[in-house]
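So the chains spell out like this:
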Amino acid sequence: MEYSPEGRAYQAFLVGAKAFLMDSLYPEARDAVADACRGGKAKDEAAEALRGNAQYAYFCWLEHYVQHFKYTARFGLVAEAEQQRDRLVAVLQNSPTEKLALSPADVPEYYSVVDTHQHPGNLHRDILAGPIYKASATTTQPGSTNAYGLHYRFTDVLERYVDKPLRILDLGCGFGKSALPIAQKWREAEVEGVDLSEGCLRLAAIEASVEHLDNLAYRQGDVTDIGAPDQCYDLVTSTMLLHELDSGALEDVMKEAYRVLAPGGRLVQLDFRARDPVEQFFLHGHGQRNNEPYMAAFDTFDFEHYLQSLGFSDISIEPFEEQPGATAPEFAKWRLPWTVIAARKPA
Amino acid sequence: MKDDVELFGRPYLGDPRLDRMMGMLFSLAGEVAVLNAKVARLTNAAADESAIEGEMQAFAREVFKPLVDPDFDGTPLRVDGFPEGEG
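Below: a short report on this structure. Each chain has its residues counted from 1, running along the sequence as written. Key to labels: chains lettered from A, ligands numbered from 1, both in the order written. The predicted nature of this model means local features are confined to residues of pLDDT at least 70 and side-chain atom pairs, given and counted, to a pLDDT of 80 or more, with totals for whole chains, interfaces and linings taken over all residues.

### Considerations on the overall build of chain A
- Only runs of H or I of at least four residues qualify as helices and only runs of E of at least two qualify as strands under DSSP, and these elements are numbered from the N terminus. Secondary structure summary: chain A contains 14 helices and 8 strands in total.
- Only the C-alpha atoms count toward the radius of gyration. The rule for a globule is 2.2 Å times the residue count to the power 0.38. Whereas a compact globule of 347 residues would reach a radius of gyration of roughly 20 Å, chain A reaches 20 Å, a difference of no more than 12%.
- Seen through its principal axes, chain A has C-alpha atoms that stretch 55 × 50 × 35 Å.
- To sort residues by burial, count the other C-beta atoms lying within 10 Å of each one's C-beta; a count of 20 or more means buried, 12 or fewer means exposed, and anything in between means partly exposed. C-beta atoms are built from the backbone. Expressed as a percentage of the 347 residues in chain A, the buried residues total 50%.
- Our contact criterion uses C-beta atoms placed from the backbone: two residues qualify when those atoms are within 7 Å. Put simply, of all contacts in chain A between residues at least 6 apart along the chain, 77% involve residues at least 24 apart.

### Considering the overall build of chain B
- Assigned secondary structure in chain B consists of 3 helices and 0 strands.
- Traced from its N-terminal end to its C-terminal end, chain B shows the element sequence α-α-α.
- Residues counted as buried form 18% of the 87 residues belonging to chain B.

### Structural notes on the packing of helix α7 (residues 129–137) of chain A against helix α10 (residues 198–210) of chain A
All names here are of chain A.
- In contact at an axis separation of 6 Å, α7 and α10 are set at 75 degrees when each is read in the N-to-C sense. Judged by the angle between their axes, α7 and α10 are roughly perpendicular. The segment α7 lies against α10, with Ala129, Gly130, Pro131, Tyr133 and Lys134 engaging Gly199, Cys200, Arg202 and Leu203.
- Taken together, the residues of the contact of α7 with α10 break down into 5 nonpolar, 2 polar and 2 charged. Angles run from 0 to 180 degrees between N-to-C directions of axes, and those axes are lines fitted to C-alpha atoms, restricted for helices to the stretch in contact. Between 65 and 115 degrees an angle is taken as roughly perpendicular, under 35 as roughly parallel, over 145 as roughly antiparallel, and anywhere else as oblique. In this classification, the charged set is Asp, Glu, Lys and Arg, the nonpolar set is Ala, Val, Leu, Ile, Met, Phe, Trp, Tyr, Cys and Pro, and all remaining amino acids, among them Gly, are polar.

### A short note on the sheet that holds strand β3 (residues 190–195) of chain A
Residue and element names in this part refer to chain A.
- A strand pair is defined by DSSP finding two or more bridges across the two strands. Spatially, 8 strands are ordered β1-β4-β3-β2-β5-β6-β8-β7 in an open sheet, and the strand pairing comes out mixed. Edge positions in the sheet fall to β1 (100–101) and β7 (313–319), since each has one partner strand and no second.
- Judged from the 6 bridges that link them, strand β5 (residues 233–239) and strand β6 (residues 261–272) form a sheet pairing that is parallel. Bridge pairing in β6 links leucine 235 to arginine 266.
- Strands β7 and β8 (338–344) of the sheet are contacted by helix α14 (residues 303–310), whose axis makes an angle of about 155 degrees with β7.

### Describing the environment of A:Glu63
Residues and elements named next belong to chain A.
- Looking at where glutamate 63 falls in the secondary structure, it is placed in helix α3 (residues 54–72).
- Sequence-wise, glutamate 63 and histidine 286 are 223 residues apart; in three dimensions their C-alpha atoms are separated by 7.8 Å.
- Ignoring any residue separated from it by four or fewer positions in sequence, one finds glutamate 63 in contact with Leu21, His286 and Arg289.

### Thoughts on helix α2 (residues 43–50) of chain A
All names here are of chain A.
- Within α2 the residues assigned to the buried category are Lys43, Ala46, Ala47 and Leu50. Relative to the axis of α2, the buried residues are bounded by an arc of 100 degrees and lie together on one face.
- Looking one or two residues beyond α2, the residue adopting positive phi is glycine 52, at roughly 90 degrees. Picture the helix axis, draw a direction to every C-beta atom, and the arc is the one those directions span.

### Quick look at the interface of chain B and chain A
- If you look at the interface, chain B gives 31 residues, while chain A gives 33 residues.
- Looking at the side of chain B that touches chain A, the elements that each hand over two or more residues are α1 (4–8), α2 (16–42) and α3 (49–64) of chain B.
- Ranked by the residues each element gives to the side of chain B that touches chain A, the list is headed by α3(B), at 10 residues.
- Residue composition of the side of chain B that touches chain A, by class: 19 nonpolar, 5 polar and 7 charged.

### Describing the nonpolar core
- Joining buried Ala, Val, Leu, Ile, Met, Phe, Trp, Tyr and Cys residues through C-beta atoms within 7 Å gives a set, and that set is a nonpolar core. Among the nonpolar cores identified, the biggest contains 121 residues, and A:Phe13 and A:Ala204 are the most heavily contacted of them.
- Setting aside chain neighbours within four positions, we find A:Ala204 in contact with A:Cys173, A:Phe175, A:Gly176, A:Ala179, A:Gly193 and A:Tyr218.

### Here we look at the packing of helix α1 (residues 5–37) of chain A against α2(A)
Residue and element names in this part refer to chain A.
- Orientation of α1 relative to α2, taken along the N-to-C sense of each, is 125 degrees, at an axis distance of 8 Å. Considered as vectors, α1 and α2 are oriented oblique to each other. Note that α1 runs across α2; the crossing there is right-handed. Together, Ala32, Val33, Ala36 and Cys37 of α1 and Ala46, Ala49 and Leu50 of α2 make up the contact between the two elements.
- Considered class by class, the residues forming the contact of α1 with α2 number 7 nonpolar, no polar and no charged. Note on convention: the crossing is left-handed when the near helix lies turned anticlockwise from the far helix by less than a right angle, right-handed when the turn is clockwise.

### Points about α10(A)
Residues and elements named next belong to chain A.
- Compared with an ideal rise of 1.5 Å per residue, which puts 13 residues at 18 Å, α10 spans 18 Å between its outermost C-alpha atoms and is within 8% of the ideal.
- Most of α10 is tucked away: 10 of the 13 residues are buried.
- Buried residues of α10: Glu198, Gly199, Cys200, Leu201, Arg202, Leu203, Ala204, Ala205, Ile206 and Ala208, and no others.
- Elements that come into contact with the buried residues of α10 comprise α5 (85–93), β1, α7, α9 (179–185), β3 and β4 (216–220).
- Directly beyond the C-terminal end of α10, a positive phi value near 55 degrees is found at histidine 212. Expected helix span is given by 1.5 Å per residue-to-residue step, counting one fewer step than there are residues.

### What to know about the environment of A:Ile182
All names here are of chain A.
- Along the chain, the position of isoleucine 182 falls in helix α9.
- A tally of 27 C-beta atoms within 10 Å means that isoleucine 182 is categorised as buried.
- The spacing of isoleucine 182 and leucine 169 is 13 residues in sequence and 9.9 Å in space, taken between C-alpha atoms.
- Each residue touching isoleucine 182, except ones within four places of it in the same chain, is listed here: Thr155, Ile168, Asp170, Val191 and Thr237.

### What about the pairing of β4(A)?
Residue and element names in this part refer to chain A.
- Note that β1 and β4 share 2 bridges and pair parallel. Note that in β4 the partner of leucine 100 across the bridge is tyrosine 218.
- In terms of strand pairing, β3 meets β4 through 5 bridges, oriented parallel. Looking at the pairing, aspartate 195 lines up with glutamine 220 of β4.

### What about unusual backbone geometry?
Residues and elements named next belong to chain A.
- Unusually for a residue other than glycine, methionine 240 sits at a positive phi of about 55 degrees.
- Even without being a glycine, asparagine 291 presents a positive backbone phi close to 55 degrees.
- The partly exposed category is assigned to asparagine 291, around which 17 C-beta atoms lie within 10 Å.

Here is the structure:
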């Protein structure tokens with residue numbers, strides 16, 4: 001997606017506002033939340049203690065509305081895409097088909113009832129959702145010079161769990177920002193991405209073709225019913241998928257992952273997990289402010305026991321550094337508590 | 001326990017009118033940013049697009065700076081030498 005000069009200037013303005021939120025407003029809001037949470041207060045008591053706190057209120061307002069305006073303002077992403085609709089639709093409809101299997105499925109309720117990330121119409125109602133989501137996702141972290149940088153870091157982490165996987169499944173792959181680095185790292189592996197969004201998958205197929213990744217294929221489908229044979233993958237991954245699922249879908253995905261993994265195969269997922277009450281307060285609030293309503297339930301889901309109950313072993317839940325030094329105690333900017341959740345299907 | 005929508009929900013500033021006022025300010029600031037960029041391009045005041053983007057980001061920081069300025073709401077309203085209670 002190309003920006004108009006006005007759109008580019010407007011998005012730069014929003015990036016500046018987001019950067020201000022992350023490095024100037026957040027430290028003060030964090031102090032206020034830490035005070036409110038002191039003494040082991042429950043979430044609702046802490047919220048009550050924060051009532052009337054200006055810094056926390058400004059933080060919440062900006063967090064919600066920077067994202068809101070990013071999509072819906074006069075020079076927002078939706079308007080920018082609309083101006084290019086004919087060209088973008090033509091490009092997307094000509095996406096390479098050899099490695100792309102589209103089969104419009106029933107959209108599950110957990111997905112259809114939410115405009116995730118405040119994306120109008122969510123990611124399945126309009127083919128332009130693909131390029132719009134990509135434009136949004138690649139401007140979320142101000143200062144990032146590599147839009148896929150976090151995913152390359154995650155791909156490096158995968159090497160701790162697997163040696164040379166030959167069959168890899170990436171769940172909820174979106175426009176391919178997670179599957180593409182994996183396919184680049186293991187060229188000899190067959191990598192498959194599954195997602196519900198046709199617009200995202202078409203964009204992903206174009207990008208795989210541009211990168212000459214013959215080992216990367218995409219398929220439209222629901223991650224709770226993968227539609228693959230038993231025991232056919234060595235590695236199942238997901239990034240930022242699990243917190244977008246309601247509790248039933250979350251459990252179904254884990255079950256499906258266990259079913260399709262070969263004995264000895266690994267499940268490695270990048271998502272969010274709060275490490276302390278303050279982080280939890282911000283994370284659950286972020287879920288509300290950014291239209292990710294399953295975030296709080298996901299954050300408190302007992303992964304260890306649930307994965308164990310399915311038969312998984314070697315379960316680990318560890319912080320992930322999306323940028324160098326991000327998990328250090330002195331890191332003062334706002335960030336999401338990135339976490340790697342991994343498990344092994346016994347051989 | 002209250003549900004999360006109430007815990008973290010709107011109005012973020014405690015009053016829907018304040019939220020709207022802040023929204024108006026944000027919209028206005030965005031329009032000014034776009035206008036600034038147009039002027040910079042027309043007058044060739046900026047070397048390239050990345051310079052314009054940097055300027056827009058700096059502009060946003062300037063707009064929102066009062067939110068973290070502890071002295072901002074301490075501005076004296078009384079003019080020195082003007083006795084209170086008069087006028």
